[in-house]
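The primary structure of each chain is shown beneath.
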Amino acid sequence: MPMRIVIDPDELIALFGKFDHRKYNLDDVVYYGKLRINTQRLFLSMINYAPDRYSTAAVVTTLLYKFPQLSKIIVNEIPTILKSMLQLDGDGYISNNQDYTIHVSDIYLDEMAGIISESKEIRQFLSDWARKFVAVTLIPMRHRKDHRTGVPCSGRTPFLQLLKSHIISRDGTQCLISGDSDFSERNFDSPVTSTELRLFPILPTYCAKSPLFIDFASMLTGGALNSHNLSSADLLLLNNWMLLSPTAIQSFVEQKYAFSASVVDSVPDVMKCVYRFEKVDPTAEFPFVSMPYVAFGNKSMSLETLSNNPDMNYCNFLLAVAQITIASGAAGVIDRLIHDQQQLLSQHSYLDGRIQSWTVLTNKLLPLESEVI
């Protein structure tokens, strides 16, 4: 298989850390007025918080390698003995070996930063790529359309009612975050608060419509998320859904909290996923009674039960996107863009600004050939 030359993630972080507008500069992602997203912060947060930093570093290295001024430095950092084993083509080195990580000295990182800073073409290319990442990945995940307080179930939605019954069989009738009990199972003698628990998709189902979203998800997760598990049918399966209180759902939608998931050996030949409730927004207060670790699923250790639990890769991707959005400073910009777009659409009677605003906005911010719908 093709071998990728990958700059070490920590050294890519050091490279982008040099663009502090004192000596070296990167172009911001500019929208209108004073709305802009710092490209440097976006790349730094993307590499820092990606579930697979190496895969993300590989993609960023490929972006830099496209320019001869930078590829020349990258090639020079490959040991001579390895060069003799490889065959050079237009995009990089091809080999049957595994990917090769190169370490770039600080003096060459300075040289690369200088080249990028002085080249309008490279700066524009990186800014355009960052704009596409925001439009295709960050905006749809932050603006949840009708998911802001969850998806209610009614007699007119038999599929959702069936899905809710399966989640109750898996997790019980209480929100595992807030502790609220579903009003359908309320007990007036119980001190537990009753509310209408609602369905919440870890990944919005409409994301499957965008091949670009799938590409970016694959980049951040090292291929763990791909076209084989991000189809519309996949995102309607039980392992993409939770049953939560509206308050808990709002904390996810506003990207104040998210889940991390990891696999541990629980019993021989069975892998169990452990979920941890993570604080994303440092300014958020913790209003829930939940412990840091959340136990989805019943006591059974059957493989069938485990496969129906929230998908580990979905959870980690949700967490990573939330962290990138908050750390890069994109959250406030996206909220303003969405608000302005809703105001614009509400002026036209044939458009529903609440539902169509994110797709209209995303397509508006992308080249015509990249539209998601």
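Positions within a chain are numbered from 1, following the residues in the order the chain's sequence is written. Side-chain atom pairs in this predicted model are given and counted only at pLDDT of 80 or more, local residue features only at pLDDT of at least 70, and totals for whole chains, interfaces and linings cover all residues. Excluding hydrogens and water, the side-chain figures rest on all heavy atoms present in the structure.

**Points about the overall build of the protein**
Next, step 1: Secondary structure summary: the protein contains 14 helices and 13 strands in total.
Next, step 2: The buried label applies to any residue whose accessible area, calculated with a 1.4 Å probe on protein chains only, is under 20% of its type's maximum; exposed applies above 50%, and partly exposed to all values in between. The buried share among the 373 residues of the protein stands at 49%.
Next, step 3: What makes two residues a contact is simply this: any of their non-hydrogen atoms within 4.5 Å. Pairs at least 24 apart in sequence give 71% of the contacts found in the protein among residues at least 6 apart.
Next, step 4: In the form shown here, the protein has an accessible surface area of approximately 18000 Å², with 52% of it arising from carbon and sulfur atoms. In this text, helices come from DSSP runs of H or I with a minimum length of four residues, and strands from runs of E with a minimum of two, each type numbered from the N-terminal end. For accessible areas, the Shrake-Rupley method is used with a probe of radius 1.4 Å. Any residue's cover is judged against the shown protein chains and nothing else.

**Describing the confidence of the model for the protein**
Next, step 1: Values of pLDDT, which run from 0 to 100, indicate the predictor's confidence residue by residue. Confidence along the protein averages 81 in pLDDT terms, with 75% of residues attaining 70 or more.
Next, step 2: When pLDDT is averaged over each helix and strand of the protein, the minimum, 51, is found for strand β5 (residues 93-94) and the maximum, 97, for helix α2 (residues 39-49).
Next, step 3: Predicted confidence for residues 188-193 stays below pLDDT 50, and this span has 6 contacts to residues more than four positions away or in other chains.
Next, step 4: Of the regions scoring below 50 in pLDDT, residues 368-373 engages in 13 contacts with residues more than four places distant in sequence or in other chains.

**Details of helix α7 (residues 120-142)**
Next, step 1: Helix length check: α7 (23 residues) gives 31 Å between terminal C-alpha atoms against 33 Å at 1.5 Å per residue, within 8%.
Next, step 2: Of all the bends in α7, the largest measures some 35° and sits at Val134. Under the convention used throughout, the expected extent of a helix is 1.5 Å for every residue step, that is, one less than its residue count. A residue's bend is simply the angle between two axes: one fitted to the seven residues ending at it, one to the seven starting at it.

**Quick notes on empty space enclosed by the protein**
Next, step 1: Lining residues are those with an atom within 4 Å of a point, where the points come from a 1 Å grid over the protein atoms alone and group into cavities, where a 1.4 Å probe fits but cannot get out, or pockets, open sets with protein on both sides within 12 Å along at least five of seven lines. Grid points are joined across faces, edges and corners, and a volume is the space filled by probe spheres set on the points. Counted according to the given criterion, the structure contains 2 cavities of 30 Å³ or more.
Next, step 2: Estimated volume of the second largest cavity: approximately 30 Å³.
Next, step 3: Residue lining of the second largest cavity: Met141, Phe252, Gln255, Leu318, Val321 and Ala322, and that is the complete set.
Next, step 4: Top contributing element to the lining of the second largest cavity by residue count: helix α12 (residues 312-327), with 3 residues.
Next, step 5: Only Asp, Glu, Lys and Arg are considered charged, only Ala, Val, Leu, Ile, Met, Phe, Trp, Tyr, Cys and Pro nonpolar, and every remaining residue, Gly among them, polar. Split by residue class, the lining of the second largest cavity holds 5 nonpolar, 1 polar and no charged.

**Focus: the side chain of Asn309**
Next, step 1: In this structure, Asn309 sits in the loop between α11 (303-308) and α12.
Next, step 2: Classification of Asn309 as buried rests on a relative accessible area of 6%.

**Considerations on the environment of Lys164**
Next, step 1: Along the chain, Lys164 falls in helix α8 (residues 158-171).
Next, step 2: Judged by relative accessible area, which is 13%, Lys164 ranks as buried.
Next, step 3: Once the C-alpha coordinates of Lys164 and Arg198 are considered, the two residues, 34 residues apart in sequence, prove to be 8.2 Å apart.
Next, step 4: If we skip the residues at most four places from it in the chain, Lys164 touches Cys153, Asp182, Leu197, Leu199 and Leu243.

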